[in-house]
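Architecture at a glance
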Amino acid sequence: MTERITWTSRWAFILVTIGSSVGLGNIWRFPYIAGTQGGSAFVVIYLFFVLLVGIPLLMAEIMIGRRGRGNPADAARNTATESGRSPWWSLIGWTGMIGALVILGYYSVVAGWIVDYFWKMLIGMRFDSQEVAVAGFAALQANPIELILCHSIFMALTVAVIARGVVSGIERANRIMMPALFLLLLLLTLWGGIVGDMKQAAHFMFDFKPGDINREVVLSALGHSFFSLSLGMGVIIVYGSYFKRGSSIAFASVWVALAGIMVGLLAGLAIFSLTFGYGLEPDSGAGLILQTLPLTFAHMPGGRIFGSLFFLLVIFAAWTSAVSLLEPFTAWLVERAGLTRAKAALSAGLFSWLLGIGVCFSFNIWSEYRWFEKNLFELLDFWSTSIAMPLNGLAVAFFVGWVVRRHVARDEIALSDRMFKVWQVVLRYLAPLAILLIFAHSLGLLA
Ligand code: TRP
């Protein structure tokens, strides 16, 4: 077997995986879902899922990738056959690879909105009343050309990084963007604390009110914990396949989860401080950071610079995540269809780009097409986050917990016997049980 390319170090792996994990999920999705799902109830349950289910699943996916050494489908198959199991387990890789491209389709459209706003801040556009801010966002949604243009720019950036390869593309992009992102985020949180209302933001996010917990909150917290850790889509499997043997999988997973939590909380604090500081409501939905924040930027000292920096940060975060969504299928095209990396990245990108164009239309000329009362954008988001990711997570947990032989897993997961047991118990019972219960609840099977 030829030597597989690897990240240059253990920390490089941790960095790129944090890069995948930290994205629109933390900065756009987390605040708006927390804002509409009662704040702290959602936040607390989300943290609980990340620690209890997220970390063990991260470890499971990294293990499959590193053991199977290949794109998600081959990695899952190799790991299965090594344990004497059916090669059909490659299916969990397949659903992931396809799912990742579907997510990228709408992810890139949302990232395009950010590109659009970054530009608008830079040229000094001001959204100085609620009407202007809301109308500004609505005008963007109503304009398919502008949406498609920004979506295309973002997709081109993503394809460009992937085409350059694993180390000189993905790793290098992350080495530049992630430190910049952390720095900007700290700066912005400080700024938010000075000009905004951090106290109220902290109350909103952390005052635990058990009465706010309901099915929807729990299901969306579980879905979001998967989304924000990039789980269930083969992404972690393929990143893990470039992870050096001998480095600790548990160590890396804990770091990735903690960094994701930290960025989400910091971004939430910054965003809600501003939201409350300027007397706005936190539950405006998907447009939260695009309607509420530009309004606050227009009124704060240094708002134009602040606003530009903020959107630049979001672009960085989204870019390193989008790259990770494109990698699983690109790796398959290179390894199985014999394409060059550049051609593979372009072909996979083309698929997501076309889907994204449909998403751009779903806000305007196709807005009356609805399935289950959802337009294409909402449908893709719901399908991937609330259905495909948890189900795939369930399959991964089952696979690693029950199907992979103990000595194979033991070989990769270098933990003390006791910690290894804990990990296995979570994968075998706790994670599947949690996912199944919540599913049954959401389908109305449990009263
Ligand atoms: N985790 C990223 C975010 O929070 C999005 C993402 C990247 C993702 N790769 C993924 C989500 C794989 C699910 C699966 O923005």
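Scroll up to find the structure this text is about.
As a starting point, this report considers the structure included with it. (Residues numbered from 1 in each chain as written. Predicted model: local features only at pLDDT ≥ 70, side-chain atom pairs only at ≥ 80, totals over all residues. Heavy atoms only, no water.)

1. Brief notes about the overall build of the protein
Counting its secondary structure elements, the protein contains 18 helices and zero strands. Taken against the 2.2 N^0.38 rule, which gives 22 Å for 447 residues, the C-alpha radius of gyration of the protein at 21 Å falls within 12% of a compact globule. Along the longest, intermediate and shortest principal axes, the C-alpha atoms of the protein span 65 × 50 × 40 Å. Buried residues in the protein amount to 61% of all 447 residues. (Helix = DSSP H or I, 4+ residues; strand = E, 2+ residues; numbered from the N terminus. Rg over C-alpha atoms; globule rule 2.2 N^0.38 Å. Buried < 20%, exposed > 50% of the residue type's maximum accessible area, 1.4 Å probe, protein only.)

2. Focus: the site of the ligand
Taken together, the neighbourhood of the ligand is formed by 18 residues, with Ser21, Gly25, Tyr107, Phe227 and Ser230 sitting nearest. Separating a nitrogen atom of the ligand from a side-chain N or O atom of Ser230 is a distance of 3.1 Å. Taken by itself the ligand offers 360 Å² of open surface, and the protein chains cover 100% of this. When residues of the shell around the ligand are traced back to their parent elements, those giving at least two are α1 (10-21), α2 (24-36), α5 (90-122), α10 (215-228) and α14 (303-337). Class assignment for the residues of the shell around the ligand results in nine nonpolar, nine polar and no charged. (Near = heavy atom within 4 Å. Polar contact = N/O pair within 3.5 Å; in protein donor to acceptor, adjacent residues only side chain to side chain. Areas by Shrake-Rupley, 256 points an atom, 1.4 Å probe, with all protein chains shown as cover. Nonpolar A, V, L, I, M, F, W, Y, C, P; charged D, E, K, R; others polar.)

3. Some thoughts on α2
Given a rise of 1.5 Å per residue, 13 residues ought to cover 18 Å, and the 17 Å separating the end C-alpha atoms of α2 matches this to within 8%. A bend of about 35 degrees at Phe30 is the largest found in α2, and the proline Pro31 appears one to four places after it. Of the positions making up α2, those classed as buried are Leu24, Gly25, Asn26, Ile27, Trp28, Arg29, Phe30, Pro31, Tyr32, Ile33, Ala34 and Gly35. Once α2 ends, the next one or two residues include Gly38, with phi positive near 80 degrees. (Expected span 1.5 Å × (residues − 1). Bend = angle between axes of the 7 residues up to and from the residue.)

4. As for the pattern of salt bridges
Considering all chains together, one arrives at 16 salt bridges under this definition. The partner of Glu146 in a salt bridge is Lys120, and the shortest N-O contact between them spans 3.2 Å. Of this pair, Glu146 sits in helix α7 (residues 144-163) while Lys120 sits in helix α5, and the two are 26 residues apart along the sequence. By relative accessible area, which is 21% here, Glu146 ends up partly exposed. We classify Lys120 as buried; its relative accessible area is 11%. Note that Arg126 and Asp128 form a salt bridge whose closest N and O atoms lie 3.6 Å from each other. Connected through shared salt-bridge partners, Arg66, Arg67, Glu82, Arg245, Asp411 and Glu412 make up one network. (Salt bridge = Lys/Arg side-chain N within 4 Å of Asp/Glu carboxyl O.)

5. Considerations on the state of the cysteines
Covalent bonding between the sulfur atoms of two cysteines defines a disulfide. Counted under the stated rule, the structure contains zero disulfides. Free of any disulfide, Cys360 has its nearest neighbouring cysteine sulfur in Cys150, separated by 8.9 Å. (Disulfide = S-S within 2.5 Å.)

6. Some words on unusual backbone geometry
The phi dihedral of Arg69 falls on the positive side, at around 45 degrees, and the residue is not glycine. Secondary-structure assignment places Arg69 in the loop between α3 (40-68) and α4 (72-82). Phi is positive for Ser230, which is not a glycine, with a value near 60 degrees. If you trace the backbone, Ser230 turns up in the loop between α10 and α11 (235-241).

7. So, the packing of α2 against α5
As a packed pair, α2 and α5 sit with axes 12 Å apart at the nearest point and diverge in direction by 85 degrees. Classified by the angle their axes make, α2 and α5 are roughly perpendicular. Along its contact with α2, which presents Leu24, Gly25 and Trp28, the element α5 presents Tyr107, Val110, Ala111, Trp113 and Ile114. Each residue belonging to the contact of α2 with α5 can be placed in one class, and the counts come to seven nonpolar, one polar and no charged. (Axes fitted to C-alpha atoms, helices over the stretch in contact; angles between N-to-C directions. Parallel < 35°, antiparallel > 145°, perpendicular 65-115°, else oblique. Contact = heavy atoms within 4.5 Å.)

8. Brief notes about the nonpolar core
In terms of nonpolar packing, the biggest core is built from 164 residues, with Trp7, Leu24, Trp113, Phe297, Phe310, Val400 and Trp423 touching the most fellow members. Looking at this core element by element, the count peaks at 18 residues for α14. Setting aside anything within four residues of it in sequence, one finds Phe297 in contact with Met121, Leu274, Gly303, Phe306, Gly307, Phe310 and Phe311. (Core = buried A, V, L, I, M, F, W, Y, C linked by side-chain atoms within 4.5 Å.)

9. As for the packing of aromatic side chains
For the structure on display, the rule yields 33 aromatic pairs. On the numbers, 6.4 Å between centres and 40 degrees between planes, the contact of Tyr107 with Phe227 is tilted. With a gap of 120 residues between them, Tyr107 in helix α5 and Phe227 in helix α10 connect regions that are remote in the sequence. Overall, Phe227 belongs to the buried group, its relative accessible area being 10%. It is Lys374 that lies over the ring of Phe382; its NZ or CZ is 4.7 Å from the centre. Seen from the ring of Phe420, Arg410 lies directly overhead, with NZ or CZ sitting 4.5 Å from the centre. (Phe/Tyr/Trp six-rings, centres within 6.5 Å; stacked < 30°, edge-to-face > 60°. Lys NZ or Arg CZ within 6 Å of the ring centre and 35° of its normal.)

10. Some words on the packing of α2 against helix α12 (residues 249-277)
For the pair α2 and α12, the least separation of the axes is 9 Å and the interaxial angle reads 65 degrees. When the axes of α2 and α12 are compared, the crossing they make is right-handed. The segment α2 lies against α12, with Asn26, Ile27, Phe30, Pro31 and Gly35 engaging Gly260, Val263, Gly264, Leu265, Ala267, Ile271 and Phe272. (Left-handed = near helix turned anticlockwise from the far one by under 90°.)

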